[in-house]
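Fold and contact review
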Amino acid sequence: MILEEILKGYSLPPKLGFGQTLAPVMFRAEYRDGSWDEGELTPYAPISIDPAATVLQYAQQAFEGLKAYKVRQSSPALFRPEMNYFRLRQSSRRMCMPAVPRDVFARGLSEVTMALADFIPGGSGQSLYLRPFLMGTGPCLSVKSSDAFTFLVIASPSDTYFSQPIRVMVEREDCRAAVGGTGADKVGGNYAASLQATTACIELGFDQPLWLDPRERCCIEELSGMNLVAVVDGELHTPRLSGSILPGVTRVSLLELARHQGHTVVERSIPIDELLDDIRSGRCSEFFACGTAAIVAPISAVGERDGSVVELPKTGQMAARLRSAILDIQEGRSDDPFGWMVDAADFEALLFRMSPGPE
Ligand SMILES: Cc1ncc(COP(=O)(O)O)c(C=O)c1O
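Residues numbered from 1 in each chain as written. Predicted model: local features only at pLDDT ≥ 70, side-chain atom pairs only at ≥ 80, totals over all residues. Heavy atoms only, no water.

Before going further, it helps to examine helix α6 (residues 195–203). In an α-helix, one turn spans 3.6 residues; hence positions three or four apart end up facing the same way. Within the span of α6, buried status applies to Ala 197, Thr 198, Ala 200 and Cys 201. Buried residues of α6, seen end-on, are gathered within an arc of 165° and therefore sit on one face of the element. Residues of α6 that are exposed and point more than 90 degrees away from the buried face comprise Leu 195, Gln 196, Ile 202 and Glu 203. In the segment just after α6, Gly 205 is the residue with positive phi, at about 95°. (Buried < 20%, exposed > 50% of the residue type's maximum accessible area, 1.4 Å probe, protein only. Helix = DSSP H or I, 4+ residues; strand = E, 2+ residues; numbered from the N terminus. Arc of directions from axis to C-beta.)

It is worth spelling out a nonpolar patch on the surface at this point. On the surface, Tyr 58, Leu 141 and Val 143 cluster together into a nonpolar patch covering about 340 Å² of accessible area. Examined against the element boundaries, Val 143 turns out to sit in the loop between β7 (127–136) and β8 (149–158). Val 143 sits in the exposed class, given a relative accessible area of 72%. (Patch = residues over 30% accessible without salt bridge, like charges linked within 9 Å, V, L, I, M, F, W, Y side chains within 5 Å. Areas by Shrake-Rupley, 256 points an atom, 1.4 Å probe, with all protein chains shown as cover. Salt bridge = Lys/Arg side-chain N within 4 Å of Asp/Glu carboxyl O.)

Here we take up the site of the ligand. Close to the ligand lie 16 residues, the nearest being Lys 186, Tyr 191, Glu 222, Thr 250 and Thr 292. Contact distances for the ligand include 2.7 Å between an oxygen atom and a side-chain N or O atom of Lys 186. At 2.6 Å, a side-chain N or O of Thr 292 approaches an oxygen atom of the ligand. For the ligand, whose free accessible area comes to 380 Å², the fraction covered by protein is 96%. Classifying every residue of the shell around the ligand by side-chain character gives five nonpolar, seven polar and four charged. (Near = heavy atom within 4 Å. Polar contact = N/O pair within 3.5 Å; in protein donor to acceptor, adjacent residues only side chain to side chain. Nonpolar A, V, L, I, M, F, W, Y, C, P; charged D, E, K, R; others polar.)

With that settled, consider the nonpolar core. By size, the foremost hydrophobic cluster in this structure holds 38 residues, and its most contacted members are Trp 36, Leu 78, Val 100, Phe 105, Leu 116, Leu 130 and Phe 151. Every element with two or more residues in this core is listed here: β1 (25–32), β5 (66–69), α3 (81–94), α4 (102–115), β7 and β8. Of the residues forming this core, the biggest block, five residues, is contributed by α4. If sequence neighbours within four positions are ignored, Leu 78 has contacts with Lys 67, Ala 68, Leu 109, Thr 113, Leu 130, Trp 340, Met 341, Val 342, Ala 344 and Leu 350. Leu 212, Ile 220, Ile 272 and Leu 275 belong to the second-largest nonpolar core, a separate cluster that totals 26 residues. (Core = buried A, V, L, I, M, F, W, Y, C linked by side-chain atoms within 4.5 Å. Contact = heavy atoms within 4.5 Å.)

Now for the packing of aromatic side chains. Applying the stated criterion across every chain yields a total of eleven aromatic pairs. Summarising the aromatic geometry, the rings of Phe 63 and Tyr 191 are spaced 5.1 Å apart at their centres and angled 65° between planes, so their arrangement reads as edge-to-face. Here the residue Phe 63 occupies a position in strand β4 (residues 61–63), and Tyr 191 occupies one in helix α5 (residues 188–192), the gap between them amounting to 128 residues. Take Phe 63: its relative accessible area is 7%, and that puts it in the buried class. Ring pairing ties together the aromatic residues Tyr 85, Phe 86, Phe 105 and Phe 151, which thus form one cluster. In this structure, Arg 176 is placed above the aromatic ring of Tyr 191, and the distance from its NZ or CZ to the ring centre is 5.6 Å. (Phe/Tyr/Trp six-rings, centres within 6.5 Å; stacked < 30°, edge-to-face > 60°. Lys NZ or Arg CZ within 6 Å of the ring centre and 35° of its normal.)

The next subject is the domain arrangement of the chain. What the domain assignment lists for the chain is domain 1 (2–161 + 338–353) and domain 2 (166–313). Summarising the inter-unit geometry, the C-alpha centres of domain 1 and domain 2 are found 27 Å apart. Where domain 1 meets domain 2, there are one salt bridge. Taken together, the links from domain 1 to domain 2 amount to ten residue pairs in polar contact (both at pLDDT 80 or more). Of all the secondary structure elements, the ones that give two or more residues to the side of domain 1 that touches domain 2 are β4, β5 and α3. Broken down by element, the side of domain 1 that touches domain 2 gets its largest block of residues, six residues, from α3. (Domains from an automatic or database assignment.)

Axis angle and axis distance: for two packed helices, these are the angle between their axes and the distance between the axes, and together they describe the pair. Look at α3 against α4: their axes get within 11 Å of each other, and the N-to-C directions meet at 130°. Considering their axes alone, α3 and α4 lie oblique with respect to each other. Seen along the crossing, α3 lies across α4 with a hand that is right-handed. Touching Pro 81, Asn 84, Tyr 85, Leu 88 and Arg 89 of α3 are Arg 102, Phe 105 and Leu 109, all from α4. (Axes fitted to C-alpha atoms, helices over the stretch in contact; angles between N-to-C directions. Parallel < 35°, antiparallel > 145°, perpendicular 65-115°, else oblique. Left-handed = near helix turned anticlockwise from the far one by under 90°.)

Written out as structure tokens, the structure reads:
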């Protein structure tokens, strides 16, 4: 009843932005004494947490990001949500947290999305951004894992992340995450470690730092929330998954789409100096970032801290084609030849996709 009233009184603000408008409901499940409860949909509200909780003291946390689309669909549709489930399970294992059961994860996504179905903006590029996350809530000041955990799904009706091509700055000093550390996982600490470089690059007139491999600072890895693809001699080249790169759902989907369209895809180590030479010589005709939030974001310039900048051509045809191809599937304008979309109301279908999954 309370939820119904909250939703009845809710309306979208005229300007959404990305991740700035928080939806009025959330899903919450608790892990206590060795097992998870079923979880429930509740009003969106601050949560109370013990100041000694392991998430606050030692960043014992992991999260996901995915979108529900309702552009041409009659019911909201999710894009490959099982991949987020498996990735959260992987990140949780790395952070020594119990896996959220598939039914709890599926119920969380489905209930939040369906409660908000009338508030999912329907313009192209718009969506309901879903943020499932898991954290250690048990109090403990010695460095060990919590024995209590909270899983939440919050949501944000959103526009696309970037509306303009982005300018990136090569980060040659800091690294965001290590191989053997948490570089391939989606955990908050990686993002906290990226903020110093982000702040510095924004001060210098760029949008995002471009991270290099943490060992040698030689090869390109990713942006702070997106993977990278370069078009070199007409082929798609992307950094191989090195152990310190997040295996993006958008990345793997675009690579599948590109192969399906007959393009050559190469996953390899890409030295930054080679890439810059290829941009200067014109061998690299496009460089773009991809991720759930930004979908496909063309990069217009790659700069350095000393102020030097290499510009890319303005017309990124491959990026534009791939962006349209993936958006057409996500927004229901084209067939879905890979079976990527799933109706958020279809709990059984969601559950089926998450089973059995890699352990
Ligand atoms: C560090 C990082 N790399 C890449 C990505 C892109 O991943 P996805 O396509 O699954 O959103 C993200 C976003 O989740 C990210 O945070």
